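Here is how the chains run, residue by residue.
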Amino acid sequence: MKYLTTFALLGIVFFTSCKTDTKTESTANNISKNSTDEPAATSNKETTIVEKIAQANGMDNWTTIEELKFTFNVDREGNPHFERSWIWKPKTNEVTALSAEDTLTYDRNDTDMDSTVYKTNGNFVNDKYWLMAPLNIMWDAENTTTEHTMESEAPISKKPMQKLTVTYAQEGGYTPGDAYDLYFGDDFIVQEWVFRKGNQAEPSMTTTWEDYTDEGGLKISKMHQNEEGNFKLYFTGVEVTTK
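Residues numbered from 1 in each chain as written. Predicted model: local features only at pLDDT ≥ 70, side-chain atom pairs only at ≥ 80, totals over all residues. Heavy atoms only, no water.

A.B. asks: Provide a residue-level description of the sheet that holds strand 9 (residues 205–208), including the pertinent values.
C.D. replies: Think of a sheet as strands paired side by side through backbone hydrogen bonds, with each pair either parallel or antiparallel. With antiparallel pairing, five strands are arranged side by side in an open sheet as 5-6-7-8-9. Of all the strands in the sheet, just strand 5 (144–153) and strand 9 have a single pairing partner and so form its edges. Averaged over all pairs of adjacent strands, the angle between their axes in this sheet comes to 15°, without regard to strand direction. Pairing of strand 6 (residues 160–168) with strand 7 (residues 179–184), which is carried by six bridges, proceeds in the antiparallel orientation. Its bridge partner lying in strand 7, Thr167 is registered against Ala179. Contacting strand 5, strand 6, strand 7 and strand 8 (190–196), helix 3 (residues 49–56) crosses the sheet at an angle of about 105° to strand 6. (Pairing = 2+ DSSP bridges. Helix = DSSP H or I, 4+ residues; strand = E, 2+ residues; numbered from the N terminus. Axes fitted to C-alpha atoms, helices over the stretch in contact; angles between N-to-C directions. Contact = heavy atoms within 4.5 Å.)

A.B. asks: Describe in detail the pairing of strand 6, supporting the description with residues and values.
C.D. replies: Among the nine residues of strand 6, eight are classified as buried, and the element is accordingly described as predominantly covered. Bridge analysis of strand 5 against strand 6 gives eight bridges, and the strand direction is antiparallel. Residue Thr146 lies in a different strand from strand 6, and its bridge partner there is Val166. Two successive antiparallel strands, strand 5 and strand 6, enclose a turn made up of six residues, where Lys158 displays a positive phi of approximately 65°. (Buried < 20%, exposed > 50% of the residue type's maximum accessible area, 1.4 Å probe, protein only.)

A.B. asks: Tell me about the confidence of the model for the protein chain, and name the residues and values.
C.D. replies: Taken as a whole, the protein chain shows an average pLDDT of 86; of its residues, 81% reach a score of 70 or greater. Every residue in residues 1–42 is under pLDDT 50, and counting partners more than four places away or in other chains gives 118 contacts. (pLDDT = per-residue confidence, 0-100.)

A.B. asks: Give me the lowdown on helix 4 (residues 115–131), citing residues and values where you can.
C.D. replies: In this model, helix 4 (17 residues) spans 24 Å end to end at C-alpha, consistent with the 24 Å of a helix rising 1.5 Å per residue. Across the 17 residues of helix 4, 13 count as buried, placing the element largely inside the fold. A distance of 3.1 Å separates the backbone nitrogen of Thr116 from a side-chain oxygen at the start of helix 4, and that oxygen is part of Asp114. (Expected span 1.5 Å × (residues − 1). Polar contact = N/O pair within 3.5 Å; in protein donor to acceptor, adjacent residues only side chain to side chain.)

A.B. asks: A description of the environment of Gln55 should follow, citing residues and the corresponding values.
C.D. replies: Note that Gln55 resides in helix 3. With a relative accessible area of 31%, Gln55 lands in the partly exposed category. Measuring from C-alpha to C-alpha, the distance between Gln55 and Leu135 comes to 8.2 Å, with 80 residues separating the pair along the chain.

A.B. asks: For the pairing of strand 9, give the residues involved together with the corresponding values.
C.D. replies: Along strand 9, one buried face is formed by Met205 and Thr207 and the opposite face, lined by Thr206 and Thr208, is buried too. Across four bridges, the pairing between strand 8 and strand 9 is antiparallel. Within strand 9, the residue paired with Val194 across the bridge is Thr206.

A.B. asks: Give a description of the side chain of Gln162 that names residues and reports values.
C.D. replies: You can see Gln162 is positioned in strand 6. Here Gln162 falls in the buried class, since its relative accessible area comes to 6%. A distance of 3.3 Å separates a polar atom in the side chain of Gln162 from a polar atom in the side chain of Asp186.

A.B. asks: Describe the nonpolar core, naming the residues involved and giving the relevant values.
C.D. replies: Formed by 50 residues in total, the largest nonpolar core has its most connected members in Trp62 and Met132. At six residues, the largest contribution of residues to this core is made by helix 4. (Core = buried A, V, L, I, M, F, W, Y, C linked by side-chain atoms within 4.5 Å.)

A.B. asks: Help me get a handle on the pattern of salt bridges, residues and values and all.
C.D. replies: Applying the stated rule across the entire model yields five salt bridges. Residues Glu94 and Lys89 are paired through a salt bridge, measuring 3.7 Å at the closest nitrogen-oxygen approach. When its relative accessible area of 33% is taken as the criterion, Lys89 is described as partly exposed. (Salt bridge = Lys/Arg side-chain N within 4 Å of Asp/Glu carboxyl O.)

A.B. asks: Please provide a residue-by-residue account of helix 3, values included.
C.D. replies: The set of residues buried in helix 3 consists of Ile49, Val50, Glu51, Ile53 and Ala54. Buried residues along helix 3 sit against helix 5 (133–139), strand 5, strand 6, strand 7 and strand 8. Positive backbone phi, at 105°, marks Gly58, one or two positions downstream of helix 3.

A.B. asks: Go over the packing of aromatic side chains, please, and point to the residues and values.
C.D. replies: All chains considered together, the criterion is met by 16 aromatic pairs. Relative to Phe188, the ring of Phe184 lies with its centre 6.1 Å away and its plane at 35°, an arrangement referred to as tilted. Among the aromatic residues, those joined into a ring-pair cluster are Trp62, Phe70, Phe72, Trp86, Trp88, Phe124, Trp139 and Phe235. (Phe/Tyr/Trp six-rings, centres within 6.5 Å; stacked < 30°, edge-to-face > 60°.)

This is the structure we're talking about:
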């Protein structure tokens, strides 16, 4: 599959310095389960900060999602435009990867993926994480630790915001142990984030979360860019089919 080779080349300039991992392999099963019964706070339990962020981004509408289409785009100064497209049916966990050269449909619940499908699934998890990280963090709650800071300076805007640090476990997944610092206001909508590969102290990448739209009840940030403006990761062709 030619587009996988293209991805590998792009990884040298972007993905190896940004999020390249799925979380744990159990995440695939969690997503399948949550496609029909999303996580929710019980009536006798205080809503966690992770739940508040997920709910603000449309978690309560997840059960209505039948199909999700999107194209993941990357423009970086000095590099050619890169894109790949996906069709995801969450209730069955069927994914179709689309490129100009090839099309591949596979079942994310398959526990015996070949090397091509495994790598393609890693690409998909990366892209959907950028598309809706607030929901993914909720689904991955059993495999993460979190720390909530009520006021912290956002890295790009320098504005005071709340901060949630999410650190993934050291075992499982494609590249375990990564950490994310999410910056958000009182509406619990993420405005900026920092990715730290392997939970290192220094940022691996810092971008905005902007250009939000409502797609089938989900709040989707379609644009992410760095402070210098020479890197842009964005989504086009987002279509959500609901029941």
